[in-house]
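# Observations on the model geometry
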Protein chains: 2
Amino acid sequence: MESVKFKYNPHISVDCVVFGFDGEFIRVLLIKRKQAGQEVYALPGDLLRLSESLDSAASRILNDLTGLKDIYLEQFRTFGDLDRISDPIDIEWLNTIREHPEERVVTIAYYSLIKVDRFDLKASFFAEQVLWQPIDEKRQLAFDHNNIANTAWSMLRDKIRHEPIVAFSLLPDKFTLRQLQGLYESIVGSTLDKRNFRKRIQGKKFITPLDKFESGVAHKPARYYHFNKEIYNSEFEKGQWFLF
Amino acid sequence: MESVKFKYNPHISVDCVVFGFDGEFIRVLLIKRKQAGQEVYALPGDLLRLSESLDSAASRILNDLTGLKDIYLEQFRTFGDLDRISDPIDIEWLNTIREHPEERVVTIAYYSLIKVDRFDLKASFFAEQVLWQPIDEKRQLAFDHNNIANTAWSMLRDKIRHEPIVAFSLLPDKFTLRQLQGLYESIVGSTLDKRNFRKRIQGKKFITPLDKFESGVAHKPARYYHFNKEIYNSEFEKGQWFLF
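Residues numbered from 1 in each chain as written. Chains lettered and ligands numbered in written order. Predicted model: local features only at pLDDT ≥ 70, side-chain atom pairs only at ≥ 80, totals over all residues.

Scanning chain A from N- to C-terminus turns up seven helices and ten strands. Principal-axis analysis of the C-alpha atoms places the extent of chain A at approximately 60 × 45 × 30 Å. By residue count, 30% of the 244 residues in chain A fall in the buried class. Put simply, 72% of the contacts in chain A that link residues at least 6 apart link residues at least 24 apart. (Helix = DSSP H or I, 4+ residues; strand = E, 2+ residues; numbered from the N terminus. Buried ≥ 20, exposed ≤ 12 C-beta atoms within 10 Å, placed from the backbone. Contact = placed C-beta atoms within 7 Å.)

Looking now at the nonpolar core. Cys16(A), Val17(A), Ala58(A), Cys16(B), Val17(B) and Ala58(B) are the most contacted members of the largest nonpolar core, which totals 104 residues. Discounting chain neighbours no more than four positions away, the residues touching Ala58(A) are Val14(A), Cys16(A), Leu73(A) and Tyr110(A). (Core = buried A, V, L, I, M, F, W, Y, C linked by C-beta atoms within 7 Å.)

Note: interface size is frequently given as the accessible area lost on complex formation between the parts. All names here are of chain A. According to the domain assignment, chain A contains domain 1 (8-162) and domain 2 (174-236). In this assembly, seven residues from domain 1 lie in contact with five residues from domain 2. Residues of the side of domain 1 that touches domain 2, tallied by class, amount to four nonpolar, no polar and three charged. (Domains from an automatic or database assignment. Nonpolar A, V, L, I, M, F, W, Y, C, P; charged D, E, K, R; others polar.)

Turning to the sheet that holds strand S8 (residues 174-175) of chain A, a few remarks are in order. Residues and elements named next belong to chain A. Sheet architecture is open: three strands sit in the order S8-S10-S9, paired in antiparallel fashion. What marks the edges here is a single partner per strand, and that holds for S8 and strand S9 (207-213). Of the pairings in the sheet, the one linking S8 to strand S10 (residues 223-227) comprises two bridges and is antiparallel in character. Following the sheet pairing, Phe-175 is matched in S10 by Tyr-225. (Pairing = 2+ DSSP bridges.)

Residues and elements named next belong to chain B. Within the open sheet, the three strands sit side by side as S8-S10-S9. Their pairing is antiparallel. Of all strands in the sheet, those bounded by a partner on one side alone are strand S8 (174-175) and strand S9 (207-213). Bridging between S9 and strand S10 (residues 223-227) involves four bridges; their strand directions are antiparallel. By the bridge assignment for S10, Phe-213 is matched with Arg-223.

Moving on, we get to the environment of Arg98(A). By the element assignment, Arg98(A) lies in the loop between helix H2 (88-97) and strand S6 (106-115). Distance from Arg98(A) to Ile26(A), taken between C-alpha atoms, is 34 Å for residues 72 residues apart in sequence.

Next up on the list: unusual backbone geometry. All names here are of chain B. The residue Asp-70 is not glycine, and still its phi comes out positive at about 55°. Note on placement: Asp-70 falls in the loop between helix H1 (54-66) and strand S5 (74-79). Judged by the 7 C-beta atoms lying within 10 Å of it, Asp-70 is exposed. Residue Phe-143 is not a glycine yet carries a positive backbone phi of 50°. Relative to the assigned elements, Phe-143 resides in the loop between strand S7 (129-134) and helix H3 (145-162).

This part is about the confidence of the model for chain A. Residues and elements named next belong to chain A. When pLDDT is averaged along chain A, the result is 90; 94% of the residues meet or exceed 70. Per-element mean pLDDT across chain A ranges from 84 in helix H7 (residues 229-236) up to 98 in strand S5 (residues 74-79). As scored by the predictor, the complex reaches a pTM of 0.91 and an ipTM of 0.89. (pLDDT = per-residue confidence, 0-100.)

This part takes up H1(B). The terminal C-alpha atoms of H1(B) lie 18 Å apart, and with 13 residues this matches the ideal 18 Å at 1.5 Å per residue to within 8%. When we look at burial in H1(B), the residues that qualify are Leu54(B), Ala57(B), Ala58(B), Ser59(B), Ile61(B), Leu62(B), Leu65(B) and Thr66(B). (Expected span 1.5 Å × (residues − 1).)

So, on to the environment of Tyr225(A). All names here are of chain A. By secondary structure assignment, the location of Tyr-225 is in strand S10. Here Tyr-225 falls in the buried class, since 20 other C-beta atoms lie within 10 Å of it. Tyr-225 sits 45 residues away from Leu-180 along the chain, and the two C-alpha atoms are 9.4 Å apart.

Our next topic: the environment of Ile26(B). Note on placement: Ile26(B) falls in strand S2 (residues 26-35). Among residues more than four places away in sequence, those in contact with Ile26(B) are Phe19(B), Phe21(B), Ile135(B), Ser186(B) and Ile187(B).

Glancing now at helix H5 (residues 177-188) of chain A. Residue and element names in this part refer to chain A. The terminal C-alpha atoms of H5 lie 16 Å apart, and with twelve residues this matches the ideal 16 Å at 1.5 Å per residue to within 8%. Among all positions in H5, only Leu-183, Ser-186 and Ile-187 are buried. Taken down its axis, H5 places every buried residue within 105° of arc, on the same side. Contact partners of the buried residues in H5: strand S1 (8-21), strand S2 (26-35), helix H3 (145-162) and helix H4 (165-168). (Arc of directions from axis to C-beta.)

Structure (structure tokens):
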């Protein structure tokens, strides 16, 4: 819970874009607040305290508003356009909580990608509700948060493309190729050809087949696979200067 | 040239890390200022004006201090540690130019990679000299600028690894494989095996051989090659979701 004893920098804030995979869809974490009878949705974010580092602020703010903690947040971009805040409803909100609501706030944005089921949400502070919204469901967010969330998703997709380990962290220890394809389809945002997908998988030594199969399923039990981190690291991290 | 009519945000600055390739070495652009008889080296950087966007600030500050302009600068990270400024000589410098030198300044950092020969330098404002320092030559920089420069170089190398087009922009329109290898050696920071290097090059359709050869050289004239942007784009930018 927030206290009044902290001093804040009135011109610097931190926003968190947390993406979650629920086994089927990628979702983004939003807070909802009530304002003059209207519901306003936003990314979890707040001003930077004078006494905290940027990384600490991101963790603290996410926890204050949503209850999530111990999540790896990575800074991805800082937003500071002069017209970041232009919607009258946003200005009205700032009038109620800030001393100089007309002054520009530069916001340092962090992202994260987690499994949805691993965490409990708890709205507090100025958040009235916390929700996991599917990313393909468009919704008007406060300030420039639509732009921040879209930029985060675009940069995170790029990261997954170059560092697939980020995606594998969303799967269970053992997974079927159907689950892996489902995950990639939710990241890419469209269906993928099964044959092509499996052909590419076969060349990847870090995806190792197990002698274990699904049980209790109506269809033919599928084989389980395992992500081998050691093989992955030796392929991806050692002097791969000439990927081109 | 700087004017007094602008208002600045006292807690937000912008720093520029410009890397240059001179055909042989990668260098980083530094400014030198005189302070109490000592020479202090730093990245070009200054406070953000209230009236400018972050991107505009980066261009303006780089131009004010070094004379460079029309350079593509990309934001890569924001630095805001509580102990960013701890060296007495840095504090002394801030005492002479800032109203509240003890307060934390969060700095938004940009990087760029250019050909050294394309630009003229001109030190002005508080910079007494501008210089291109080879990146393997260590030098103590002001504030946390060593950390900022090292982070920039590390992130830029990652970018080149994933988007080799960034490196090819440093070469002339037609180049020899020796030039290409020299560039990569300067990026990697060590010598590369010529045979392995050429083997990898052969598989790259976007590096196309020309029917042109060096002239006026003592050794056997080498063939020129060309970077084919169209082939590169079709290979790298279209749905390459499964690089893994």
